[in-house]
Amino acid sequence: MSRDSQNEAADSVLIRRLYHFFEPYKYWALLAVILTLSAAFLGTIRPKLTQIAVDDHIATGDVEGLTWIVILLGLALVGEFIILIFNTYITRWFGQGVLFKLRNAVFEKIQSLHVQFFDKNPIGRLITRTTSDIEALSELLSDGVVNMIGDLFRIFFILYFMLMMSWELTLISILVLPVLFYSTFWFKSRVRVAFLHVRDQIARLNSFIQEHINGISVVQLFNREETEKQKFRSINQDHTDAHVKTIFYFSIFWPIVEVLASLAMALVVWYGGARALMDQVTFGVLLAFIQYVRQFFNPIRGLSEKYNTLQSALASSERIFNVLDTKNEVYEAALPVKPKKIRGEVEFQNVSFRYNADQEMILNDVSFTAEPGELLAIVGATGSGKTTLINLMMRFYDIHEGRIMLDGTDVRDYSLRDLRKNFGLVLQDNALFSGTVMDNITLGNPEISREEVIQAAREVEADRFIRRLPGKYDYVLRERGDSLSMGQRQLICFVRAMVYDPKILILDEATSSVDSETEELVSRACERMMRGRTSIVIAHRLSTIQGADKILVMHKGLIRETGSHKELVRRKDGIYRKLYELQYKEQAVITG
Amino acid sequence: MNGNLNEATQSFVFRKKQTDLNHLRKLNRYFSKYKGSVLLGMLFLTASNFFLIWIPVLIRRTMDEVEMLGSSAENYGSLFTILFSSEAGAILAFNSLLLIGTVILYGVLLFATRQTLIVSSRKVEFDIRNDVIDKLLRLPQRYFASNRSGEIYIRTTEDVARVREYFGPVLMYTVNTITRAGFIIVMMLIVNRELTYWALLPLPFLSAFAYWVSGFINRYQLIIQEQYSKIAGKAQETFSSIRLIKAFNRSEHEQALFEKESDEYRKKKLKLDLIESLFHPTLNLLIGASVLIVIWKGGVMVMDGVITIGNIAEFVIYVAYLTWPVASLGYTVNVLQKSLASWERIDSLLTQPVDIETAADSDTVTRSVKGEIEFRNVGFKYPGSDEYALKGISLNIAPGSNVALVGRTGSGKTTLVNLIPRLFDPTEGEILLDGIPLKQWNLEQLRSAIGYVPQETFLFSSTIRENIAFGRADAKMDEVEKAAEQARLLENILDFEKKFDTMVGERGITLSGGQKQRTAIARAILKEPEIVILDDSLSAVDTKTEDEILNHLKKNLSGKTAIIISHRISTVKNADIIFYIQEGRIIESGTHSELIKKEERYFDMYQKQMLEQELQNI
């Protein structure tokens, strides 16, 4: 990740945009800063109090005075404790609040985007945007910024108290700082390189292991156990070596920090001792400085670590805002038509479509009409454009040429909600969610009653098998409905389409083999569902095709033939006729 | 009755302790190789702490001496004369140089400690990981089928890393805490017994608190991890069904579900934060309390003339030096628990029986294979399953014959062929090769006689050449080329810039499905097997190329047994015999024309394919 100065302008924009999510908490943040300030003060005043205790009371034998100072010390200690806890908690509280809002906003945004966005971006990447990218901001938002401010305050107060007591000793004790800065800098740059190397080695090791667990049968079938073992040994060796190298840097750096802190103390004692002999520095001051020198090192180390956090947080927020800025390519009509009763007529007028300007046409000048109540079957090979027709009429994509009409009105003139609620969609992959059968049917719509669901299930004869499930309609499906057969899953999808009582039914018939008993059930269910509805079916079974009012034969984005079964069969050299003949010829030959 | 129960639990606890000890003993065996450097490291660490405590001692001595010199009421001139020419200056300089000397010694020893102790822990990690992989490569498929691959993966990665912490940080921190606390407490006691007790009073709480917090964090992080997965799972579910959600206008509902999980996450995270936010302030409070007590009690003692102000400074530094070792004690106990739990899991993998190895007691057959295979009433259940994946399979495959298996996905075809190279052993019945039970064959010999092309093509991320020569690392270039040619892959390879040295997989080019399958076929051909098994291995290859490959195979493998699983009629129709498998049983068998005449399952399948083919070819 190389982020240099030219990104700084962009970074400030990012910070401003992050602030927008932060805004509701700004008074809390102000409170947090004030609390941080007080905690820094209470934490750093304690050595000063010990100085007073030693010089003004212990040295003079004033027991009562000592007691008072100890009480003050105790109050400062407890005060800092309470403030720190409270402060840490509120910063985390609003930090999590901001993350919560941000996460929901990203999810909402992604969900609202056009379907093509999902085709272009792998699901894994989208999940990363809603989860780990948000998480990367967590450290920064929950206590990163506040701690940074706290560290600065601490440094400021320590310097203030030290200077108040003795400027000479202050200079002496910060003498080692340049060395500390230099060695921290040296260490950071080395360790970064070493860590990158370690990361590569870990990745190499892990992918070897992953690969060999997945390919274990190949290893064994080819008698390669011994060779692979040797190979692993060398990868493992590289991994160990990489770690040993970072251990080296750490074993230099930590002692250096310790030595520098002690060195600063030695310098204070040496110089301060001499000053004490001249009665210019008291023992109390020496004691206070010994404590300050140790306290001073922590915030400096802290600050250098926070810088890295900030860098990776900015990188994540850049990715997050990229998503939030994505333009939705399917937008709502400005003044949507309020539909009266929809009859269910779908018409394509000279529709052409391609995903990108530089790609091939997926649909080429396609026109057809599905009359209300009609059964329209679409036949064609994979990639001929069948599914695209469906995607377009439901506005998963928008067309640039031609028009698509529902009851004579352009689909883009309806609101998306009003448009889509007329369609009952059953997809080929029979997508089910984890949850109960009931939830899978209603999709969480509280307006659909249990009775309606059962009624719909009876209609497509799914009721019988659902009743046999443990828990019936409350049977909890595992992920993607694994525990059900393909046919059963399809029936549930049918019920789902039915309870929404759509005007237009869209079926992408599954090719997946279901056993013959369920197949019959599915066919019967299909027939029932189509009654009184416009149905558009991507057909894989000849039985559906034969019963269709209209058949479209598609090939490479073109409608090659249109007509009823009877018309198409009569057409000489027709594609459909050829298909049909093939099927029956085979049968005739074999039976004959 | 109650007593019995007590006894029972006691003996249970005892046994548990006993196995814990056994585990630990085994784990400690890994130390023996590095005994020298570990002992040396412990010595360095002890020595470094020995020098560390001289720092406060020297500071106290300086302060005391300054006090004495100061009270002698001598008049000192300029700062310069004091520092560099007076007797007092000599004392100061001597003490300071001594201080710097000890500090440097301390630093060097600390360096040496890390270089020995932590480095050894990495070496132990290396050894353990090698052992785990050795074992893993030999484990039977049964193990992989009954354990999720993610779990196995964690054994070799995270678990090993956790066990390393036992040899590294745990050991280092423990020795550090013991020696440092030991030295410091002794020095404190020498100065003043009473003040020592007072100063140490808050420290046990610190240890206990650190133990509690780190334990809570460990436990709670699992809960949070789970909730995190729920969020990711919800996002996955929604994003992958986006069409459906849009079609049914359910976006708001999905948003509500997501926000519920998101809020749950926030709440759980906040609870963890609450505990975490206690940690540093409490540490601060307890150490601060210790310093406060020292100033208070020590101050009174100074007034009474029992100790000096130098002693107070000394104690303040001691307390500071004790902070981390004492806090780390609590943390270490938790890490130790986790490493031991990880070790237990690793150990159970290492002691897993390898039950599919060649029977040691019988005479293992190593003679050359002819290729006659017989299944005698074979049944098979997957581990952990009650249902038969195969049942009552009896078939006879003559040497040199060409056999096809067809049937739906999940009908048991792959399971059947997996039994031949003994990836699994049948639960019932027996399989014979050349009339001899499989178990009596030398396993390596058996497997080298079989060229198996699995359904899911698995290539390793290395060069194409290495992948093809996977079964015969000694194969010459022209042999590799010939195998590639026979698998109709040579032309593709020569199109690549680096030819046979092209990397495939993650770090290289992505081969198409068909290219991958052909690579796997070349890999199997190069072995020159007596038996060829193709498990739906040509599905991503177009029909023309498929024909070419099959013809090649026929020519080159004449006289060799071939078992082909396929969904394509075109692939299987020329087989000597076709078996139709359904739900683990053979329900139809015969030649293509025999099965077509029967007009049953095979015929249905045939018909459907003809229609689809025609649609493709319009």
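Residues numbered from 1 in each chain as written. Chains lettered and ligands numbered in written order. Predicted model: local features only at pLDDT ≥ 70, side-chain atom pairs only at ≥ 80, totals over all residues.

## Side note on the overall build of chain B
Reasoning step 1: Broken down by element type, chain B carries 22 helices and 10 strands.
Reasoning step 2: The buried share among the 618 residues of chain B stands at 43%.
Reasoning step 3: The contacts in chain B between residues at least 6 apart in sequence include a share of 78% that link residues at least 24 apart. (Helix = DSSP H or I, 4+ residues; strand = E, 2+ residues; numbered from the N terminus. Buried ≥ 20, exposed ≤ 12 C-beta atoms within 10 Å, placed from the backbone. Contact = placed C-beta atoms within 7 Å.)

## Concerning the overall build of chain A
Reasoning step 1: What chain A contains, in helices and strands, is 21 helices and 12 strands.
Reasoning step 2: A globule of 592 residues ought to have a C-alpha radius of gyration of about 25 Å, yet chain A, at 37 Å, is considerably larger.
Reasoning step 3: Considering only C-alpha atoms, chain A reaches an extent of 125 × 65 × 55 Å along its principal axes.
Reasoning step 4: Looking at the 592 residues of chain A, the share that counts as buried comes to 41%.
Reasoning step 5: The contacts in chain A between residues at least 6 apart in sequence include a share of 79% that link residues at least 24 apart. (Rg over C-alpha atoms; globule rule 2.2 N^0.38 Å.)

## Notes on the sheet that holds strand S9 (residues 504-508) of chain A
All names here are of chain A.
Reasoning step 1: In space, the six strands of this open sheet follow the order S6-S9-S10-S3-S11-S12, with mixed pairing throughout. Edge strands, defined here as strands with exactly one partner in the open sheet, are strand S6 (423-426) and strand S12 (558-563). Averaged over neighbouring strand pairs, the angle between their axes works out to 15 degrees when direction is ignored.
Reasoning step 2: Where strand S11 (residues 550-555) lies against S12, five bridges are found, and the strand directions are antiparallel. Within S12, the residue paired with histidine 555 across the bridge is leucine 558. (Pairing = 2+ DSSP bridges. Axes fitted to C-alpha atoms, helices over the stretch in contact; angles between N-to-C directions.)

## Description of the sheet that holds strand S1 (residues 373-381) of chain B
Residues and elements named next belong to chain B.
Reasoning step 1: Pairing within the open sheet is antiparallel, and its four strands lie in the order S2-S1-S4-S5. Each end of this open sheet is capped by a strand with a single partner; those strands are strand S2 (388-397) and strand S5 (436-437).
Reasoning step 2: Pairing of strand S4 (residues 428-433) with S5, which is carried by two bridges, proceeds in the antiparallel orientation. The residue bridging leucine 433 from the neighbouring strand is isoleucine 436, located in S5.

## Examining the nonpolar core
Reasoning step 1: By size, the foremost hydrophobic cluster in this structure holds 318 residues, and its most contacted members are A:Val268, A:Leu286, A:Phe494 and A:Val495.
Reasoning step 2: With near-sequence residues (within four places) excluded, A:Val495 lies in contact with A:Ile441, A:Val453, A:Ala456, A:Ala457, A:Val460 and A:Ala462. (Core = buried A, V, L, I, M, F, W, Y, C linked by C-beta atoms within 7 Å.)

## Some details on the pairing of S4(B)
All names here are of chain B.
Reasoning step 1: Pairing geometry for S1 and S4, over five bridges, is antiparallel. Bridge pairing in S4 links glutamate 374 to leucine 432.
Reasoning step 2: The hairpin formed by S4 and S5 contains two residues between the paired strands, and aspartate 434 there has a positive phi angle of roughly 50 degrees.

## As for the interface of chain B and chain A
Reasoning step 1: Facing the 119 residues of chain B at the interface are 116 residues of chain A.
Reasoning step 2: The residue makeup of the side of chain B that touches chain A, split by class, is 66 nonpolar, 30 polar and 23 charged. (Nonpolar A, V, L, I, M, F, W, Y, C, P; charged D, E, K, R; others polar.)

## Remarks on the domain arrangement of chain A
Reasoning step 1: Domains assigned within chain A are domain 1 (8-165 + 305-326), domain 2 (167-280) and domain 3 (341-422 + 508-513 + 548-592).
Reasoning step 2: Once you take the C-alpha centre of each, domain 1 of chain A and domain 2 of chain A turn out to be 27 Å apart. (Domains from an automatic or database assignment.)

## Examining unusual backbone geometry
Reasoning step 1: Its identity as a non-glycine residue notwithstanding, A:Arg395 has a phi of 60 degrees, on the positive side.
Reasoning step 2: A positive phi is found at B:Glu528, a non-glycine position, where the angle reads about 50 degrees.
Reasoning step 3: Tracing the backbone shows B:Glu528 in the loop between helix H18 (513-526) and strand S7 (531-535).

## What about the environment of A:His565?
Residue and element names in this part refer to chain A.
Reasoning step 1: With respect to the helices and strands, the residue histidine 565 is situated in helix H20 (residues 565-570).
Reasoning step 2: Taking the number of C-beta atoms within 10 Å as the measure of exposure, histidine 565 has 18 and is therefore partly exposed.
Reasoning step 3: Residues histidine 565 and tyrosine 475, spaced 90 residues apart in sequence, show a C-alpha to C-alpha distance of 42 Å.
Reasoning step 4: In this structure, histidine 565 is in contact with Ile545, Gln546, Ala548 and Ile551, ignoring residues within four places of it in sequence.

## Regarding the environment of A:Asn364
All names here are of chain A.
Reasoning step 1: Take asparagine 364: it is sitting in strand S2 (residues 363-370).
Reasoning step 2: Classification of asparagine 364 by C-beta neighbours within 10 Å gives partly exposed; the count is 17.
Reasoning step 3: Distance from asparagine 364 to phenylalanine 353, taken between C-alpha atoms, is 6.7 Å for residues 11 residues apart in sequence.
Reasoning step 4: Every residue in contact with asparagine 364, bar those within four places of it in the chain, is listed here: Ser352, Gly557 and Leu558.

## Thoughts on the confidence of the model for chain A
Residues and elements named next belong to chain A.
Reasoning step 1: The predicted model of chain A averages 80 in pLDDT, with 90% of residues at 70 or higher.
Reasoning step 2: Per-element averaging of pLDDT across chain A places helix H21 (residues 575-591) at the bottom with 58 and helix H3 (residues 63-112) at the top with 88.
Reasoning step 3: Throughout residues 1-5 the model reports pLDDT below 50, and contacts reaching past four residues in sequence, or to other chains, amount to three contacts.
Reasoning step 4: Segment residues 586-592: pLDDT under 50, and four contacts once partners within four positions in sequence are set aside and those in other chains are kept. (pLDDT = per-residue confidence, 0-100.)

## Observations concerning the environment of A:Thr88
Reasoning step 1: By the element assignment, A:Thr88 lies in helix H3.
Reasoning step 2: A:Thr88 sits 53 residues away from A:Leu35 along the chain, and the two C-alpha atoms are 9.6 Å apart.

## Concerning the packing of helix H11 (residues 251-303) of chain B against helix H12 (residues 309-350) of chain B
Residue and element names in this part refer to chain B.
Reasoning step 1: Packing of H11 against H12 brings their axes to within 10 Å, and their N-to-C directions diverge by 160 degrees. Relative to H12, the element H11 lies roughly antiparallel. Viewed along their axes, H11 and H12 form a crossing whose handedness is right-handed. Contacts between H11 and H12 involve Leu283, Ile287, Ser290, Val291, Val294, Ile295, Gly298 and Val302 from the first element and Ile309, Asn311, Ile312, Phe315, Val316, Val319, Thr323 and Ala327 from the second.
Reasoning step 2: For the contact of H11 with H12, the class distribution of residues is 12 nonpolar, four polar and no charged. (Parallel < 35°, antiparallel > 145°, perpendicular 65-115°, else oblique. Left-handed = near helix turned anticlockwise from the far one by under 90°.)

## A few points about H12(B)
Reasoning step 1: Over its 42 residues, H12(B) extends 60 Å from the first C-alpha to the last, a length consistent with the 62 Å expected when each residue adds 1.5 Å.
Reasoning step 2: Helix geometry: H12(B) is bent most strongly at B:Thr323, by close to 35 degrees, with proline B:Pro325 lying one to four residues after it. (Expected span 1.5 Å × (residues − 1). Bend = angle between axes of the 7 residues up to and from the residue.)

## A few points about the packing of helix H10 (residues 225-277) of chain A against helix H5 (residues 87-138) of chain B
Reasoning step 1: Between H10(A) and H5(B), the shortest axis-to-axis distance is 8 Å and the interhelical angle comes to 165 degrees. Classified by the interaxial angle, the pair formed by H10(A) and H5(B) is roughly antiparallel. The two elements H10(A) and H5(B) cross, and the hand of that crossing is right-handed.
Reasoning step 2: Per-class residue counts for the contact of H10(A) with H5(B) are 28 nonpolar, 12 polar and 12 charged.

## Overview of the pairing of S9(A)
Residue and element names in this part refer to chain A.
Reasoning step 1: The element S9 is largely enclosed, with a buried count of five among its five residues.
Reasoning step 2: Judged by which residues are buried, S9 turns out to be covered on both faces: Ile504, Ile506 and Asp508 on one side and Leu505 and Leu507 on the other are all buried.
Reasoning step 3: Across five bridges, S9 lies against strand S10 (residues 534-538) in parallel orientation. The residue bridging leucine 505 from the neighbouring strand is serine 535, located in S10.

## What about the confidence of the model for chain B?
All names here are of chain B.
Reasoning step 1: Here chain B shows a mean pLDDT of 81. Residues at 70 or above account for 89%.
Reasoning step 2: Ranking the helices and strands of chain B by mean pLDDT puts helix H2 (residues 35-52) first, with 92, and helix H1 (residues 2-29) last, with 59.
Reasoning step 3: Confidence metrics for the complex model read pTM 0.74 and ipTM 0.79.

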